[in-house]
Amino acid sequence: MVRQAQAENKYRTDEKGRFADFGGQYVPETLMHAVLELEKGFKDAISDSSFLREYRRILHDYSGRPTPLSYCERLSKTLGGAQIYLKREDLNHTGAHKINNAVGQALLARRMGKKQIIAETGAGQHGVASATVAAYFGLPCKVFMGAVDVKRQALNVFRMKLLGAEVIPVHSGNGTLKDAVNEVLRYWAAHSDDTAYIDGSVVGPHPYPMIVRDFQRIIGDEAREQCLKQTGRLPDAAIACVGGGSNAIGLFTAFLDDSVSLYGAEAAGKGVATGEHAATLTKGTIGIIHGMKTYLLQDAYGQIKEPYSISAGLDYPGVGPEHAYLSESGRVDYKAITDDEAVAALLQLSELEGILPALESAHGLALAFKVAKTMRREQRVVVCLSGRGDKDVKTIMHVLANHERRGKRL
Amino acid sequence: MTVRMEKHVTNAKRMLFIPFITAGDPTDEATVALALMLQSLGADALELGIPYSDPLADGPVIQAASQRALRHGENLNQAMHLVKEMRTQGFDLPVIIFTYANVLLQFGIDRFFDEALGHEVDGLLVPDLPYEESKSLADQCLEHKISLISLVAPTTSDERLKRICDHAQGFIYCVSSLGVTGMRKTFHPDVYPFLERVKQAAQLPVAVGFGISSRDQVAELERYADGFIVGSAIVAEVGQRAEQLADSSMRAAAIQEIKATLDQNLLAERVNRKPLASNEHE
């Protein structure tokens, strides 16, 4: 965040929250006051050094930052290409990068005098992070979650309740993440006078993609510094998974002006040709969803399609507008990784390094393995290990049992 | 602006009644029949909603209508043809297409204007396209004589209100309460000073929507506004009779029931509708 005023203007949002033609504020008039107030509040906070100090202090004292950059010796040797380094966001409090943003936005909410926090969640990770910071700051918290997801993610629902949050099942639409986002925005429109909406990713109307980016860029800023310190130079490539894309933006932002190759891994689900995927940049078209112009999965009439991925955190029909821009400008190369590739990468990292990654992060790993194999051994790749995989153990058990039944190895 | 919009809305001499229905809810035939019924009930314009999978500004009643219409694949193209069909059956009120931005974007803006002309559409309302995002569409609307209807809300600042009103077309749509569309028993007391603010800033008729479901509310509004928009209260009646409306042998009876209910609940005072409320409360 310290570096943000520097030479990155080329990739900064303009005054109206645009990344070239992407982004914007496509929201009903009832929400305009809320987003304009937030924009003002954020710009004011982010230029206040005492606010930034407090943000960093909490992440240090409460979440354990800085997270390490771990060199994977056995994995790198096995792959036989570039050396792999992991940015260990899994070692954050609550087990994922989501807390970086949740702390920042909750701090902002308190500064703006808001009395309540609301958030959306798909798999429950951002819901848990929001419930956590709400407890930390002593603010009541409502988490909107698709009714289908409430059933699928019973454990995280229970975790949020333990943390004192109220989980509100959303029955509208298909009862999934996209509907939870619609519902939280509807609620916010009616309650923005005393309520702060904590958006979980670099999506939604301006200023959210900018706010979440600025609260997540600590990932890349630390990784850049650590890489210089540990290896004496910058990495040759940096790689992260992309659902909405907050951990990826967090990593990429620090390297945009460096000669570092950047790669994003989208979820190809059962394959991009099957229709069952969440590969927004690979297979989507430009449209408007949740207040932003970006790439999204939709039919010819503009109705939003339900995405699919084994990883609930990548299961989003849109993608952050900055990613749409970075993709179109060619600065970042986005590739789709299938369920099977992600699970195979998860197993390999577990066995070779003793690190169980989240299924989301495993998509980034799988892409990193492919890229690293094409590189020389003296080159280096930094992968954002965005979260730990404990939450996914049940899913992985099912997958492995199915594969065993069919006599297939991953 | 079309001649129809000018005659029935902008230059109207009575309190405007602008109903909203969702195209294709529950069928295309029912939509045409409902439009004709609303005309006979004394409507001054029609808002025709295009169903969308993710209707951010709408409450549960209109969300459900969207789902009913989407189930048989209703889309913007079909809805525009419905307007033409209404016209051939004698519907001569202005029609305002209410569509979310993404549906319009995928249809194609140029194509929309081509078809709007051919199908005698008069207005366009894009609920998720605020003033700041609507400049180029507003210019194109002016060029094609289609009125782009702007929304203002109680939280709209004076500065934005002025800008929105200065560039408004057709009429000003005042959102009576924050949040989403849907029926509410009473208005928040803050709505009246808000409406006075809008009346001050507006050169066009000021119509109030969101939450209107009773004739008492309409009577209250008459002192402050030039018209009222009713969506959920009508769509809820349609939803309750979706099966009958979809069945050609039962449709006419269902339409008559809805007409009687709306007349009773909303419009019983209609004979007393006063001329445009401007200046009356001053």
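Residues numbered from 1 in each chain as written. Chains lettered and ligands numbered in written order. Predicted model: local features only at pLDDT ≥ 70, side-chain atom pairs only at ≥ 80, totals over all residues. Heavy atoms only, no water.

1. Observations regarding the overall build of chain B
Then step 1. For chain B, the helix and strand inventory stands at 13 helices and 9 strands.
Then step 2. For 282 residues, the compact-globule estimate of 2.2 N^0.38 gives 19 Å, and chain B sits close to it at 17 Å.
Then step 3. Considering only C-alpha atoms, chain B reaches an extent of 50 × 40 × 30 Å along its principal axes.
Then step 4. The burial tally for chain B puts 62% of its 282 residues in the buried class.
Then step 5. Excluding contacts between residues fewer than 6 apart, the proportion of contacts in chain B whose partners are at least 24 apart in sequence is 77%.
Then step 6. Working note: accessible area of chain B is about 10,700 Å², and carbon and sulfur atoms make up 51% of it.
Then step 7. One way to put it: in chain B the 26 positive side-chain charges average out to a point 4 Å from where the 38 negative ones average out. (Helix = DSSP H or I, 4+ residues; strand = E, 2+ residues; numbered from the N terminus. Rg over C-alpha atoms; globule rule 2.2 N^0.38 Å. Buried < 20%, exposed > 50% of the residue type's maximum accessible area, 1.4 Å probe, protein only. Contact = heavy atoms within 4.5 Å. Areas by Shrake-Rupley, 256 points an atom, 1.4 Å probe, with all protein chains shown as cover. Lys, Arg positive; Asp, Glu negative; His and termini not counted. Charge placed at Lys NZ, Arg CZ, Asp CG, Glu CD.)

2. With respect to the pattern of salt bridges
Residue and element names in this part refer to chain A.
Then step 1. One pass over the full model with this rule turns up 48 salt bridges over all chains.
Then step 2. For Glu37, the salt bridge identified is with Lys114, shortest N-O distance 3.1 Å. Here Glu37, found in helix α1 (residues 29-46), pairs with Lys114, found in the loop between α4 (98-111) and β5 (116-121); they are 77 residues apart in sequence, far enough to count as distant.
Then step 3. Overall, the relative accessible area of 29% leaves Glu37 in the partly exposed class.
Then step 4. Between Glu222 and Arg65 there is a salt bridge, with its nearest N and O atoms 2.9 Å apart. Of this pair, Glu222 sits in helix α10 (residues 218-231) while Arg65 sits in the loop between α2 (49-61) and β3 (69-72), placing them 157 residues apart in sequence. Arg65 carries the same exposure label as Glu222, and that label is buried. (Salt bridge = Lys/Arg side-chain N within 4 Å of Asp/Glu carboxyl O.)

3. A few points about the pairing of strand β8 (residues 195-198) of chain A
All names here are of chain A.
Then step 1. What you see with β8 is no split at all: Thr195 and Tyr197 on one side and Ala196 and Ile198 on the other are buried throughout.
Then step 2. As defined by bridge partners, β5 adjoins β8 across 4 bridges and the pair is classed as parallel. Counted as the bridge partner of Ile117 is Ala196 from β8. (Pairing = 2+ DSSP bridges.)

4. Quick look at the nonpolar core
Then step 1. Of all hydrophobic cores here, the largest spans 165 residues; its most connected members are Trp188(A), Ile97(B), Phe112(B) and Leu124(B).
Then step 2. Setting aside residues no more than four positions away along its own chain, Ile97(B) makes contact with Leu48(B), Ile50(B), Leu76(B), Met80(B), Val83(B), Phe112(B), Val121(B), Gly123(B), Leu124(B) and Leu125(B).
Then step 3. Residues Cys72(A), Ile310(A), Val381(A) and Leu385(A) belong to the second largest nonpolar core, which totals 34 residues. (Core = buried A, V, L, I, M, F, W, Y, C linked by side-chain atoms within 4.5 Å.)

5. Some thoughts on the UniProt feature "active site" (unreviewed entry) in chain B
Residue and element names in this part refer to chain B.
Then step 1. The UniProt record marks Glu47 and Asp58 with the feature "active site" (unreviewed entry), using the residue numbering of this structure.
Then step 2. In this fold, Glu47 is placed in strand β2 (residues 46-49).
Then step 3. Of the residues examined, Glu47 reaches a relative accessible area of 1% and is grouped as buried.
Then step 4. Those residues in contact with Glu47, other than ones at most four positions away along the chain, are Ile18, Pro19, Phe20, Ile21, Ile96, Phe98, Leu125, Tyr173 and Ile229. (UniProt positions renumbered as here; feature names shortened; annotations may be inferred.)

6. What about the sheet that holds strand β13 (residues 332-338) of chain A?
Residues and elements named next belong to chain A.
Then step 1. In spatial order, the strands read β3-β4-β14-β9-β10-β13; together these 6 strands make up an open sheet with mixed pairing. Both edges of this open sheet fall to β3 and β13, since each of them pairs with a single strand only. Each strand of the sheet is rotated relative to its neighbour by a mean of 25°, with strand direction disregarded.
Then step 2. Relative to strand β14 (residues 380-385), strand β4 (residues 83-88) is paired through 6 bridges, and the arrangement is parallel. From the neighbouring strand, Ile84 faces β14, where its bridge partner is Val381.
Then step 3. Contacting β3, β4, β10 (261-269), β13 and β14, helix α14 (residues 339-353) crosses the sheet at an angle of about 90° to β13. (Axes fitted to C-alpha atoms, helices over the stretch in contact; angles between N-to-C directions.)

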